[in-house]
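The primary structure of each chain is shown beneath.
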Amino acid sequence: MKKIISFLTITFTLSSLWAFDLPNKTFPEFNGYLEDITDELETFLPENTTMLSIQPDAFIGKFFPSIPPRFTAGLSFAGTLIDTETFSDNLESMSKSIVDALPEDFKTVINFSIPQKIFLPTAAASFRIGGVLLPFDAGIYAITTTDKLINDVSFDDYKFNANYTCIGADIRYALLEGGILLPKVSVGAGYIWSQFNAGLEMEKTLFNTEYGIGKLNGDMNVNLSGHTVYAQAQVSKRILLFTPFAGLKAFATVYNSDVDWKITTSGLFVNLNEKDSYSTSNDFDKIYYQFYTGCGIQLAILQVSLNGAYNFSNKKLSAGLAVNVKI
């Protein structure tokens, strides 16, 4: 009888210790935080890529018959001003959940700081060629980064890694080819395929005078692949060396996302080893409207243009620069 009582006492004691000392090793809220981050990524990524196709001339002219044949080739740069509140709030919440799950003797502080607003840049090589017989032109642009180009960018206790690939093409038809008095007016449509992979890594050393040293590691990855389709209308007018222009784009994007995360500790008396992954997709369920305007300047065969854009749907501002050889 004493043995039974002793066994039950030990069992109850161990169960009590397990109940009080075992940290909360589940993070059911993590997927919700990462979904918010993914949704925000999906809203501003098309802003950059649609800016890369902007040319000052609403119509560059025909390739044939034309002397010389009309085409442009060069580099396009763009950037979108984004509010980082969604990212910082969700990452701070995730960091707090991790700290809360640690044993009391190994509590730490996980820091993450980022400016409230940042200008997210992108760039592409571009080429546009005039039409044959009919008054149209067609363009293509592309960019890809290596895995090491955006690597280990530090935000306090987090390190950021990213790579990005984008290929876009469009075609425009001239309603007005322009003249001494008349402007150029065109309408068109385009398509963009993009892939964006971003990862956050975190590593902390956990100190405790009684139990020694432990390690905390976090790894979060978001992989997006998107298809953007858009329609556009543009007007431009050459005045001496200058070509002011304005246009409107309507675009929609469908995204497929793969998200995974992992939180582990080592060297603690109770270790974390939590991970999850999931995939999401959306339809072309929302149309965004972007107004853009700017001015190009022609210097011999070199054309340089500055442009800006405002999205009426999500209130985002963008800017761009294009440098082209224009024949």
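Parameters at a glance
- Counting from 1, residues in each chain are numbered in the order their sequence is written.
- Given that this is a predicted model, residues contribute local features only at a pLDDT of at least 70 and side-chain atom pairs are listed and counted only at 80 or more, while totals for whole chains, interfaces and linings are drawn from all residues.
- Note that water and hydrogens are dropped before the side-chain values are worked out from all heavy atoms of the structure.
- Numbering of helices and strands runs from the N terminus; a helix is a DSSP stretch of H or I covering at least four residues, while a strand is a stretch of E covering at least two.
- A radius of gyration in this sense is built from C-alpha atoms; the matching globule rule multiplies 2.2 Å by the number of residues raised to 0.38.
- Burial status follows relative accessibility: with a 1.4 Å probe on protein chains alone, a residue under 20% of its type maximum counts as buried, one over 50% as exposed, and anything between as partly exposed.
- Two residues qualify as a contact provided that any one of their heavy atoms is within 4.5 Å of a heavy atom in the partner residue.
- Every accessible area reported is derived by Shrake-Rupley at a probe size of 1.4 Å, with residue values counting cover from the shown protein chains alone.
- A side-chain nitrogen of Lys or Arg and a carboxyl oxygen of Asp or Glu constitute a salt bridge if their distance falls within 4 Å.
- Each helix should span, by expectation, one fewer than its residue count multiplied by 1.5 Å.
- A pair of strands is treated as paired once DSSP finds two or more bridges between them.
- For our purposes a nonpolar core is just a set of buried Ala, Val, Leu, Ile, Met, Phe, Trp, Tyr and Cys residues, chained together by side-chain atoms within 4.5 Å.
- Pairing of aromatic rings covers Phe, Tyr and Trp, the last through its six-membered ring, and needs centres within 6.5 Å; plane angles under 30 degrees mean stacked, over 60 mean edge-to-face, and all others mean tilted.

Q: An account of the overall build of the protein chain is needed here, citing residue identities and associated values.
A: Secondary structure summary: the protein chain contains three helices and twelve strands in total. Relative to a compact globule of 327 residues, whose C-alpha radius of gyration would be 20 Å, the protein chain shows 27 Å and is clearly more extended. In terms of overall dimensions, the protein chain has C-alpha extents of about 110 × 35 × 30 Å along its principal axes. Sorting the 327 residues of the protein chain into buried and exposed places 43% on the buried side. Intrachain contacts of the protein chain at a sequence separation of at least 6 include 72% that bridge at least 24 residues. For the protein chain, the accessible surface area stands at approximately 16,700 Å², while carbon and sulfur atoms represent 65% of it.

Q: Report on the pattern of salt bridges, specifying residues and quantitative values.
A: Scanning all chains against the criterion turns up ten salt bridges. Across the pair Asp157 and Lys204 runs a salt bridge whose closest N-O atoms are separated by 3.5 Å. On the criterion of sequence distance, the pair formed by Asp157 in the loop between strand 4 (150-155) and strand 5 (158-177) and Lys204 in strand 6 (residues 184-208) is long-range, its members being 47 residues apart. The residues Asp157 and Lys204 share a single accessibility class, namely buried. One connected set of salt bridges, linked through shared partners, spans Arg128, Asp137, Asp170 and Arg172.

Q: Mind laying out helix 2 (residues 30-51), listing which residues take part and the relevant values?
A: In this model helix 2 runs 33 Å from its N-terminal to its C-terminal C-alpha over 22 residues, within 8% of the 32 Å that 1.5 Å per residue would give. For helix 2, the tally of buried residues reaches 18 of 22 residues, placing the bulk of the element in the interior.

Q: An account of the pairing of strand 10 (residues 288-299) is needed here, citing residue identities and associated values.
A: Taking every second residue as pointing to the same face, the buried face of strand 10 carries Tyr288, Gln290, Tyr292, Gly294, Gly296 and Gln298, while none of Tyr289, Phe291, Thr293, Cys295, Ile297 and Leu299 on the other face is buried. Bridge analysis of strand 8 (residues 242-266) against strand 10 gives ten bridges, and the strand direction is antiparallel. Along strand 10, the bridge assignment pairs Ala250 with Tyr289. Here strand 10 pairs with strand 11 (residues 302-311) via ten bridges, running antiparallel. Looking across to strand 11, one finds that Gly296 is bridged to Ser305.

Q: Now, about the environment of Leu299: what can you tell me, with residues and values included?
A: By secondary structure assignment, the location of Leu299 is in strand 10. Residue class for Leu299 comes out partly exposed when judged on its relative accessible area of 44%. In this structure the C-alpha to C-alpha distance between Leu299 and Phe242, which are 57 residues apart in sequence, comes to 9.5 Å.

Q: Before we move on, could you go through the pairing of strand 12 (residues 317-326) and cite the residues and values that matter?
A: With burial as the criterion, only one face of strand 12 is covered, namely that bearing Ser318, Gly320, Ala322, Asn324 and Lys326; the residues Leu317, Ala319, Leu321, Val323 and Val325 on the opposite face remain uncovered. Relative to strand 12, strand 1 (residues 71-83) runs antiparallel, the two being bridged by ten bridges. Bridge pairing in strand 12 places Phe77 opposite Leu321. With nine bridges joining them, strand 11 and strand 12 adopt antiparallel strand pairing.

Q: I'd like a description of the nonpolar core, backed by residues and values.
A: Judged by nonpolar contacts, the single largest core of 53 residues is most densely connected at Phe27, Phe30, Leu41, Ile98, Leu216 and Ile263. Ignoring anything within four residues of it in the chain, the contact list for Leu216 reads Ile98, Leu102, Ile110, Met202, Glu203, Lys204, Leu206, Ile263, Thr264 and Thr265.

Q: Please provide a residue-by-residue account of the packing of aromatic side chains, values included.
A: All told, the structure shown has twelve aromatic pairs when counted by the stated rule. A ring pair is formed by Phe27 and Trp261, whose centres lie 6.0 Å apart and whose planes are at 80°; its orientation type is edge-to-face. Placement of the pair is Phe27 in the loop between helix 1 (2-21) and helix 2 and Trp261 in strand 8, with a sequence separation of 234 residues. Judged by its relative accessible area of 4%, Trp261 falls in the buried class. When the ring of Phe251 is compared with that of Tyr288, the centres are 5.7 Å apart and the planes differ by 20°; the resulting orientation is stacked.

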